[in-house]
Amino acid sequence: MKLSPTIAAVYGFDRRTELKRPLFACGVSAGFPSPAEDYIKGRLDLNELMVQHPAATFFVRVAGDSMLGAGIHHDDILVVDRSLEPGHNKVVIAVVNGEMTVKRLFQQNGVVRLLAENPDYPPLELTEETACEIWGVVTFVVHSL
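Let us look at the structure shown here. (Residues numbered from 1 in each chain as written. Predicted model: local features only at pLDDT ≥ 70, side-chain atom pairs only at ≥ 80, totals over all residues. Heavy atoms only, no water.)

So, on to the pairing of strand E10 (residues 132–142). Pairing between strand E5 (residues 77–81) and E10: 5 bridges, direction antiparallel. Counterpart to Leu78 in the pairing with E10 is Val141. Pairing of strand E6 (residues 91–96) with E10, which is carried by 5 bridges, proceeds in the antiparallel orientation. Note that in E10 the partner of Val95 across the bridge is Glu133. (Pairing = 2+ DSSP bridges. Helix = DSSP H or I, 4+ residues; strand = E, 2+ residues; numbered from the N terminus.)

Tracing the sequence through the fold places Thr57 in strand E4 (residues 57–62). The buried category is assigned to Thr57, whose relative accessible area is 7%. A distance of 2.7 Å separates a polar side-chain atom of Thr57 from the backbone oxygen of His53. (Buried < 20%, exposed > 50% of the residue type's maximum accessible area, 1.4 Å probe, protein only. Polar contact = N/O pair within 3.5 Å; in protein donor to acceptor, adjacent residues only side chain to side chain.)

This part takes up the environment of Lys90. Tracing the chain through its elements places Lys90 in the loop between E5 and E6. Sequence-wise, Lys90 and Val137 are 47 residues apart; in three dimensions their C-alpha atoms are separated by 6.8 Å. Among all residues touching Lys90, those that are not within four sequence positions of it are Lys103, Arg104, Leu105 and Val137. (Contact = heavy atoms within 4.5 Å.)

Moving on, we get to the pattern of salt bridges. Under the definition given, this model contains 2 salt bridges. For Glu117, the salt bridge identified is with Arg104, shortest N-O distance 2.4 Å. Remark: Arg104 occurs in strand E7 (residues 99–108) and Glu117 occurs in the loop between strand E8 (111–115) and strand E9 (124–126); sequence separation between them is 13 residues. On the accessibility criterion, Glu117 (24% relative accessible area) is partly exposed. For Arg113, the salt bridge goes to Glu125, with nearest N and O atoms at 3.5 Å. Of the two residues, Arg113 sits in strand E8 while Glu125 sits in strand E9, which places them 12 residues apart along the sequence. By relative accessible area, Arg113 is classed as partly exposed at 27%. On the basis of relative accessible area, Glu125 is assigned to the partly exposed category, the value being 42%. (Salt bridge = Lys/Arg side-chain N within 4 Å of Asp/Glu carboxyl O.)

With that out of the way, let us pick up the nonpolar core. Formed by 14 residues in total, the largest nonpolar core has its most connected members in Val60, Ile72, Leu78, Val80, Ile93, Val102 and Val138. Of all the secondary-structure elements, those providing two or more residues to this core are E4, E5, E6 and E7. Those residues in contact with Val102 that lie beyond four places of it in its chain are Ile7, Ser66, Met67, Ile72, Leu78, Val91, Val92, Ile93 and Val138. Val92, Ala94, Leu105 and Val137 belong to the second-largest nonpolar core, a separate cluster that totals 7 residues. (Core = buried A, V, L, I, M, F, W, Y, C linked by side-chain atoms within 4.5 Å.)

Right, let's get into the environment of His74. With respect to the secondary-structure elements, His74 resides in the loop between E4 and E5. His74 sits 12 residues away from Val62 along the chain, and the two C-alpha atoms are 5.3 Å apart. With near-sequence residues (within four places) excluded, His74 lies in contact with Val62, Ala63 and Gly64. Within polar-contact distance, the side chain of His74 engages the backbone nitrogen of Gly64 at 3.0 Å.

Attention now goes to unusual backbone geometry. What you tend to see is this: most non-glycine residues have negative phi, and most peptide bonds are trans. Look at Asp75: it is not a glycine, yet its phi comes out positive at around 80°. Examined against the element boundaries, Asp75 turns out to sit in the loop between E4 and E5. Looking at Asp75, the relative accessible area reads 41%, which means it is partly exposed. In this structure, Asn109 is a non-glycine residue whose phi angle is positive, near 50°. Examined against the element boundaries, Asn109 turns out to sit in the loop between E7 and E8.

Next comes the structure, spelled out in structure tokens:
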């Protein structure tokens, strides 16, 4: 049985910088749209797209492979919002017994578990004896292809 990995790093958010890039109006199915200005719908700032609550947002870098089934890979950056309510089936950042981890929250009929999205990792049942704090809900995953 593998041990659950931890988060490699935690980063704060600073909205003072903008990086607006062209957002094309047409979809991309089997190629790239013409760069002609006629196709540009507007400008997209990734801060505006991915950060709804700046004061409650932070980023973490993933260490490990326990969430591959959720599309979260080693070295990915996660956008985490502390203002969102953690609930059943949400991907959350939790601190369990002093160790930070990313898992899917399972809450049903009084049972609370943190679930990996990789069969090599067992579920972690949370009891009253388990020291656990949910730090936030993951809203976006950033990884390279």
